[in-house]
Amino acid sequence: MGLKRKDLLSLTNLSAADIALILDTADSFKEVSGREIKKVPALRGKTVVNLFFEPSTRTRTSFELAAKRLSADVINFSPSSSSVVKGETLLDTARNIEAMQADIIVLRHSSAGAAETLARGVKSSVINAGDGWHEHPTQALLDLYTIRSRGMGFSGLKVAIVGDVAHSRVARSNIFALTKLGAEVRVVGPPTMIPLHINQLGAQVYYNLDEGLRGVHVIMMLRLQLERQGRALFPTIREYARQYGLTNERVKLAEPGAIVMHPGPINRGVEIAPDVADSLSSVILDQVANGVAVRMGILYLMSGANA
Ligand code: CP
């Protein structure tokens, strides 16, 4: 059984069964990272190209480790030292990489829709590793995996996604997936950071953080995207931190045992207080560790190795 698709671009067109298959496959790979020899031969002979046009710490490293632990050959393509600086287009770059028999291209790009454009232009499988403000499907899948690994079911689960929802591809992918799985999703933030009509995606809108956190099982904090929005959407960062920053006092408004998540990178002291980020409630580093297993599962399913 496989995902029966060439590409992974969005979570809108994955079924609940597809999501369960990815999480279950990740489960089967999780223990590989704990072995002394962290390798299995599942993707031997396959080639994975990481094509990252935007900075990344977690996603790029995680895909590289995942592919290497599956014994694939991995190329990390760096736009700044490639012919992109001479004006080569995304599609031409990808077609040249494809001509060298790349099986899977993992793309991060600042433009929404870039992964879909690429997928239409190449025969290689394309995995969206974040496209502009659109989607970051593998981040949401590792978030789901982390929630599930804490023994939480999705039906009736209350999740608050807090902060700069308007600029967040992570928020969009999580809203699509969590609502599909039966969770109750709240988006919390100042009106300037909550998109109009987001309730049509099934999310409830809260402009007050304390109200939005009351009774939730999962608190998912988002990074204030200073490089994308400047200070245009809130008067000062200090005021933002006071009204929308997560403190230990505010965590107590959630259900006992609630977990605190963040996709990273975090702005300590802005959207999350340092003692919350480092607290026992925080699963931020679990998310990073689980990302490798989830991406191993995705690469395996996308490669056709299980066909
Ligand atoms: N969560 C995430 O996408 O982090 P990076 O930007 O470091 O990949």
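Everything numeric in this text was worked out from a predicted model, so none of it was measured.

Engineer: Explain the site of the ligand to me, please; I cannot follow it from the model alone.
Structural biologist: Taken together, Ser56, Thr57, Arg58, Thr59, Arg108, His136, Gln139, Pro263 and Gly264 make up all the residues around the ligand. Note that an oxygen atom of the ligand is positioned 2.6 Å from one of the side-chain N or O atoms of Ser56. Between the ligand and the protein, one listed contact pairs an oxygen atom with a side-chain N or O atom of Arg108 at 2.8 Å. Its residues placed into classes, the shell around the ligand shows 1 nonpolar, 6 polar and 2 charged.

Engineer: It is not clear to me how unusual backbone geometry should be interpreted in this structure. Could you clarify?
Structural biologist: When glycine is set aside, most residues are seen to have a negative phi, and most peptide bonds are trans. Of the consecutive residues Gly264 and Pro265, the connecting peptide bond is found in the cis state with omega at -10°. Its location among the elements puts Pro265 in the loop between strand S9 (259-261) and helix H11 (274-277). Unusually for a residue other than glycine, Lys4 sits at a positive phi of about 55°. Among the secondary structure elements, Lys4 is positioned in the segment before helix H1 (16-30). Phi at Gln101 takes a positive value of approximately 70°, unusual for a residue other than glycine.

Engineer: Looking at this structure, how should I read the pattern of salt bridges?
Structural biologist: Once the charged atoms of two side chains with opposite charge are near each other, the side chains can pair. Counting across every chain of the model gives 14 salt bridges. Salt-bridge contacts for Glu184 lead to Arg186; the nearest nitrogen and oxygen are separated by 3.4 Å. We classify Arg186 as buried; its relative accessible area is 6%. Sharing partners across several salt bridges, the network here consists of Asp24, Asp27 and Arg148.

Engineer: Looking at this model, I keep getting lost on the side chain of Arg69. Mind explaining?
Structural biologist: Within the secondary structure layout, Arg69 lies in helix H2 (residues 58-69). Despite its burial, Arg69 pairs with no opposite charge; the closest candidate is Glu64, at 11 Å N-O. Setting aside its immediate chain neighbours within four residues, Arg69 contacts Ser33, Lys38, Lys39, Val40, Val292 and Met296.

Engineer: What should I look at first to understand the sheet that holds strand S1 (residues 47-52) in this one?
Structural biologist: Hydrogen bonds along the backbone pair up the strands of a sheet, which may run parallel or antiparallel. Strands sit in the order S2-S1-S3-S4 across an open sheet of 4 strands; the sheet is parallel. Strands with a single pairing partner mark the edges of an open sheet, and in this sheet they are strand S2 (73-77) and strand S4 (125-131). Recorded for the sheet is a direction-independent mean angle of 15° between the axes of neighbouring strands. Of the strand pairs in this sheet, strand S3 (residues 104-109) and S4 are connected by 5 bridges, and their pairing is parallel. When the bridges of S4 are listed, His109 appears paired with Asp131. Taken strand by strand, helix H3 (residues 90-99) contacts S1, S2 and S3, and its axis lies near 160° from that of S1.

Definitions and limits used
Residues numbered from 1 in each chain as written. Predicted model: local features only at pLDDT ≥ 70, side-chain atom pairs only at ≥ 80, totals over all residues. Heavy atoms only, no water. Near = heavy atom within 4 Å. Polar contact = N/O pair within 3.5 Å; in protein donor to acceptor, adjacent residues only side chain to side chain. Nonpolar A, V, L, I, M, F, W, Y, C, P; charged D, E, K, R; others polar. Helix = DSSP H or I, 4+ residues; strand = E, 2+ residues; numbered from the N terminus. Salt bridge = Lys/Arg side-chain N within 4 Å of Asp/Glu carboxyl O. Buried < 20%, exposed > 50% of the residue type's maximum accessible area, 1.4 Å probe, protein only. Lys, Arg positive; Asp, Glu negative; His and termini not counted. Contact = heavy atoms within 4.5 Å. Pairing = 2+ DSSP bridges. Axes fitted to C-alpha atoms, helices over the stretch in contact; angles between N-to-C directions.

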